[in-house]
Amino acid sequence: ARIGRLAGRKIVITAGGTREALDPVRYLTNRSSGKMGFALAQAAVELGADVVLVTTNSRYKIYGVREVLVSSTRDMHAAVLHEFDNADVFIGAAAVSDYRPVEAAKDKIKKKSGENLTIKLMQNPDILAEVGRHKTMKQLVVGFAAETQNVLEYARKKLIQKNADMLVANDVSTTNSGFDSENNRVTILSRDEDPEIISLSPKIAIARSIMDKIAKKLA
Ligand code: C5P
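- The name given to the chain in an unreviewed UniProt entry is Coenzyme A biosynthesis bifunctional protein CoaBC, with Leuconostoc litchii as the source organism.

In structure tokens, the structure reads:
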């Protein structure tokens, strides 16, 4: 058995950018590396939690973390709903694609010279919002918001709209932080506390601050 402030707690974390297939060889994705999600998994293990990381890549191996490898948003959605049932906490750190191609072509799409190619996209499920709708009084839900403008205003809206308990906002318009960086600067919004600003710090340090807040809320 594990020891620590989160011993006996199950925490489900998403990480990475989802991939939406266009055909057997191509997909739509985004710039997320998954580093923030992996840092959160590390910080949760350090406090003794049972951690399930639903991730689109297995770039980093974290001792003690159960990894569920997924690709598309729909895969991630199914895995998260399955794992959340008996979990204490959900943290959505993945960069989830809001849209996917209406259908993935069965065969490789061929070039037709001189012609434009139009790809029709349809909306994906919003995993965080759905988990927020389903959570019980005892479960905590934490989201992330990567914004390039009006960061706090949008983040506050997201906290409410997605029925989250905590929302971690970061400004991805600045350099040295956010996507694929080792560092981040964030503001943590909670329903019942003043916002907490964390200046430029390694992602693992930010992850430990977030996990400390979660442990306090669960206690
Ligand atoms: O709505 P937006 O994408 O800006 O919100 C970001 C938060 O919502 C992140 O925590 C992300 O993991 C989550 N999200 C999700 N499913 C989606 C879109 C976003 O879980 N389809």
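**Section: the sheet that holds strand β9 (residues 140–147)**
Piece 1. Pairing in this open sheet of 8 strands is mixed, and the strands run β5-β4-β1-β6-β9-β10-β11-β12 from one edge to the other. The open sheet has two edge strands, β5 (65–69) and β12 (196–202), and neither has a second partner. This sheet shows a mean twist of 20° between the axes of neighbouring strands, independent of strand direction.
Piece 2. When strand β6 (residues 89–92) meets β9, the two strands line up parallel, connected through 4 bridges. Directly across from F90, in β9, lies its bridge partner V141.
Piece 3. Contacts between helix α2 (residues 73–84) and the sheet are confined to β1 (10–15), β4 (50–55), β5, β6 and β9, with β1 contributing the most and set at about 170° to the helix.
Piece 4. This element, helix α3 (residues 127–134), spans β6 and β9 of the sheet and lies at about 155° to β9.

**A few points about the packing of aromatic side chains**
Piece 1. Counted by the stated rule, this structure contains 2 aromatic pairs.
Piece 2. Ring geometry for F38 versus Y60: centroids 4.9 Å apart, planes at 65°, classification edge-to-face. One end of the pair, F38, is in helix α1 (residues 35–46); the other, Y60, is in the loop between β4 and β5, and 22 residues separate them in sequence.
Piece 3. Seen from their ring centres, F84 and F90 are 6.3 Å apart, and the 80° between their planes marks the pair as edge-to-face.
Piece 4. Classification of F90 by relative accessible area gives buried; the value is 1%.

**Considering the UniProt feature "binding site: CTP" (unreviewed entry) in the chain**
Piece 1. As annotated in UniProt, the feature "binding site: CTP" (unreviewed entry) corresponds to D98, K108, P125, D126, I127, L128, F144, K158 and K162 in the numbering used here. Of the residues just listed, which span 65 residues, the most distant C-alpha pair is 37.8 Å apart, and they do not cluster in one region.
Piece 2. Mapped onto the elements of the fold, D126 is located in the loop between β8 (121–123) and α3.
Piece 3. Engagement of the side chain of D126 in a polar contact is seen with the backbone nitrogen of L128, the distance being 3.3 Å.
Piece 4. Tracing the backbone shows K162 in the loop between α4 (151–161) and β10 (166–171).
Piece 5. Residues contacting K162, with those up to four places away along its chain left out, are D126, L128, A129 and G132.

The rules we used
- Residues numbered from 1 in each chain as written.
- Predicted model: local features only at pLDDT ≥ 70, side-chain atom pairs only at ≥ 80, totals over all residues.
- Heavy atoms only, no water.
- Pairing = 2+ DSSP bridges.
- Helix = DSSP H or I, 4+ residues; strand = E, 2+ residues; numbered from the N terminus.
- Axes fitted to C-alpha atoms, helices over the stretch in contact; angles between N-to-C directions.
- Contact = heavy atoms within 4.5 Å.
- Phe/Tyr/Trp six-rings, centres within 6.5 Å; stacked < 30°, edge-to-face > 60°.
- Buried < 20%, exposed > 50% of the residue type's maximum accessible area, 1.4 Å probe, protein only.
- UniProt positions renumbered as here; feature names shortened; annotations may be inferred.
- Polar contact = N/O pair within 3.5 Å; in protein donor to acceptor, adjacent residues only side chain to side chain.

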